[in-house]
Every structure is written in C-alpha cells, then in structure tokens.
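Inside the fold
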Amino acid sequence: MTKLTMEDRISGGIVGLLVGDALGVPYEFRSSDQIPKGVPESYIPPSNFDRAHADIPPGTWSDDGAQALCLAISLVERGRFDSADFGERLARWYEEGYLAVDGLVFDVGVTTGKAIQAIKAGVPAVEAGPNDVHDNGNGSLMRSLPLAIWHKGGDEQLVSDAHDQSSVTHGHARARVCCALYCLWARRIIEGFANPWGDAVSTLRNIYDSNSAEFEELEWSIRPDLAPKGNGSGYVVDSLRSARLACLRPTFSDVIRTAVGLGNDTDTTACIAGGIAGLMYGLQNIPKPWREGLRGRAIYHPILIDFIEHSLKGTNSL
C-alpha cells in the first residue's frame, strides 16, 4: 500500500466514521443471523430486507456521526477540549438537529438523553453524564475519535481529556476508560506503531494507579489482553471489542462488512471501527461509491477542512 500522508489518515478517520455509521444505519437492531452475508455493498440494502429507520434516506449518518462532528468543531473553535462548549453543541444537536443530515435527529441513546437534559437544567457538562454501572452504553465511545486525532498533548493529558469527553454523557469509569484506550489506540496508529493496540494498553497501565477504579475497570471489565470477540451490542466494552475484531480485516470495506455483520448496534460498531480503519487505510482506500454516496457533504466537508488544518499543526507525514 502507498505510504499514507497524515492528511489522508485524518480524512480517512473522519470520513470513515461517518461512512461506517451511515452504512450501518439500515441494519440496526437486527441480529447477525438476520443480516444477509456480504452486506453492505452500498447504502441501499437488499430489496427484501426489512431495514431499520425506513424513512431515513440511504447514506445518512446518525447520532454517532453528528456527535463526532460536534466534538471536532468544538476542538477547532475552542483550541482545547472544552466540556461546556461541547455540551452546548450536543444540546443543540438534540434540540435543533445541529450537524445532523437534514436537521433530523432520529436515534438518541437513553443515557445521552438524560445527560443532555441535565445540561439544559444547569448541571456542568463534565458532571452531567450518569455514572451508574448500568450507564455503560457506547454513546461516548462512538464520537471520541476527533479528540485522538486533534490532540497535541502527552498521553496522560489525552487520557484525561478522553475521560472528560466521556463524562459529558457517560460518567462511569468503565466508559471513560474505554474512551481513553480507544484514543490511545488511534494515536498509536497515527504514529505508525507496529502494535498500536498493545502499546496503547501498556501506556494506559502505566498511567493508571494500580489501586484506582480505572485500573480495575481496565483489567477486570475490559480485559484488553483477550483475543477480540464481540457481539456488536450497545454495551461499551463489547463495542470496543467488536470494533477491534472488525479492524483485523485487511481492507476498509472488509472492516465495515464485518462490523455490520455482527448485528445489533450496527451503525455504532461500524462507526467506531470505520474511524480506526480510516486511519489505517486512508481516505483513498474507502470505496469511492461509499465516499460519494455519503449525504451531508455540505455539513461535514467544511468542518473536515478546518479540522485537518488544525490537526496538522506541528505534525509531519508518516
């Protein structure tokens, strides 16, 4: 494969998560045995498939993509992770359809909805995310990739910001740690490490105090040394494992098909995996029909251009 520039990786990551999200939307809530083999070929499912969100035009990203764009533009405009600004943008998305294709919000996680209501009621955004053990959905993980790409601080600062990014909607240590591990994984891919997952895990173990709740969640809930195995569910640990499993595939399209083929929360699994695969394989290796068929270009493209410019400051091609 041709050596990738940093710009191609960044573009691949952002477009990859949007493409994965949109390709997974029609198959959401279907079990793996209900999903035809080899899909998706395009944004339009097989004619006899009973697709989810039947009123949503093919090629439309969901809450996953919209929230990732909220994070990306917040980072660019604020120059740092600003939980209050990010929380305000999430509230605008929820109420106004901000950064949603057609301004339409059609898929909102329960925990995210509770957090946004808390923000609207005046709770500081970084404290708004429910933090019960049952509040460990994948809503903060699905949108976290822009932070990993944009961030210029050291690993400890990236982990801290990944925690805070999660806490806006998902405050439990388990969700926070999954976001931190995902961001370190993405960073190691960008940096060209031979074993990005393994190095991310080692780094996180060194950052966390061995007596902390975060360390316990890493070792006993996430169990990052296990071979990847996932069911494509909305549980944050399973989402991370499912994405890792899908990302073992040798091409971007194979990654997305594997992610969707797991069934269940197909748009989010494909979004999380698609962002990583975009970093690995670059924009040009995302199939052209998928790139061109993605709706909402007028929304995401200006954000992407600014995001690339700010992300490239102080960086070099790999």
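Please read all numbers here as calculations on a predicted model, not as lab measurements.

Procedures and definitions
- Residues numbered from 1 in each chain as written.
- Predicted model: local features only at pLDDT ≥ 70, side-chain atom pairs only at ≥ 80, totals over all residues.
- Heavy atoms only, no water.
- 1 Å grid on protein atoms, 1.4 Å probe; cavity = no way out; pocket = protein on both sides within 12 Å on 5 of 7 lines; lining within 4 Å.
- Points joined across faces, edges and corners; volume = space filled by probe spheres on them.
- Helix = DSSP H or I, 4+ residues; strand = E, 2+ residues; numbered from the N terminus.
- Nonpolar A, V, L, I, M, F, W, Y, C, P; charged D, E, K, R; others polar.
- Axes fitted to C-alpha atoms, helices over the stretch in contact; angles between N-to-C directions.
- Parallel < 35°, antiparallel > 145°, perpendicular 65-115°, else oblique.
- Left-handed = near helix turned anticlockwise from the far one by under 90°.
- Contact = heavy atoms within 4.5 Å.
- Salt bridge = Lys/Arg side-chain N within 4 Å of Asp/Glu carboxyl O.
- Buried < 20%, exposed > 50% of the residue type's maximum accessible area, 1.4 Å probe, protein only.
- Disulfide = S-S within 2.5 Å.

1. As for empty space enclosed by the protein
Counted according to the given criterion, the structure contains one cavity of 30 Å³ or more. One number sums up the size of the largest cavity: a volume of about 80 Å³. Every residue along the wall of the largest cavity is listed here: Trp197, Ile222, Arg223, Pro224, Leu226, Ala227, Pro228, Lys229, Leu240, Arg241 and Arg244. Tallying contributions element by element places helix α10 (residues 236-246) first for the lining of the largest cavity, with three residues. Considered class by class, the residues forming the lining of the largest cavity number seven nonpolar, no polar and four charged.

2. Quick word on the packing of helix α1 (residues 6-24) against helix α11 (residues 252-261)
For the pair α1 and α11, the least separation of the axes is 10 Å and the interaxial angle reads 40 degrees. In terms of orientation, α1 lies oblique with respect to α11. The two elements α1 and α11 cross, and the hand of that crossing is right-handed. On α11, the residues that touch Gly16, Val19, Gly20, Leu23 and Gly24 of α1 are Phe252, Ile256 and Val260. When the residues that make up the contact of α1 with α11 are grouped by side-chain class, the tally is five nonpolar, three polar and no charged.

3. Structural notes on the pattern of salt bridges
For side chains of opposite charge, pairing can occur when their charged atoms come near one another. With the rule as written, the count across this model stands at 17 salt bridges. Where Arg174 meets Glu217, a salt bridge forms, and the shortest distance between an N and an O atom there is 2.7 Å. With Arg174 in helix α7 (residues 173-190) and Glu217 in helix α9 (residues 213-222), the pair connects residues that are 43 residues apart, well separated along the chain. For the pair Arg174 and Glu217, a shared accessibility class is recorded, and that class is buried. Glu292 is the salt-bridge partner of Lys288, the closest N and O atoms lying 3.8 Å from each other.

4. Observations regarding the state of the cysteines
The final tally for this structure, using the stated rule, is zero disulfides. Just so you know, Cys183 is unpaired, no disulfide at all, and the nearest cysteine sulfur is the one on Cys179, 6.6 Å from it. No disulfide involves Cys247; its sulfur sits 11 Å from that of Cys271, the nearest cysteine. By relative accessible area, Cys247 is classed as buried at 7%.

5. A closer look at the layout of surface pockets
Approximately 290 Å³ is the volume attributed to the largest pocket. Forming the boundary of the largest pocket are 20 residues, of which Gly109, Asn138, Gly234, Asp265 and Thr268 lie nearest the centre. Mapped onto the lining of the largest pocket, the elements with two or more residues apiece are α2 (63-78), α4 (110-120) and α12 (266-281). Looking at the lining of the largest pocket element by element, the count peaks at three residues for α4. Here the lining of the largest pocket is composed, by residue class, of four nonpolar, ten polar and six charged.

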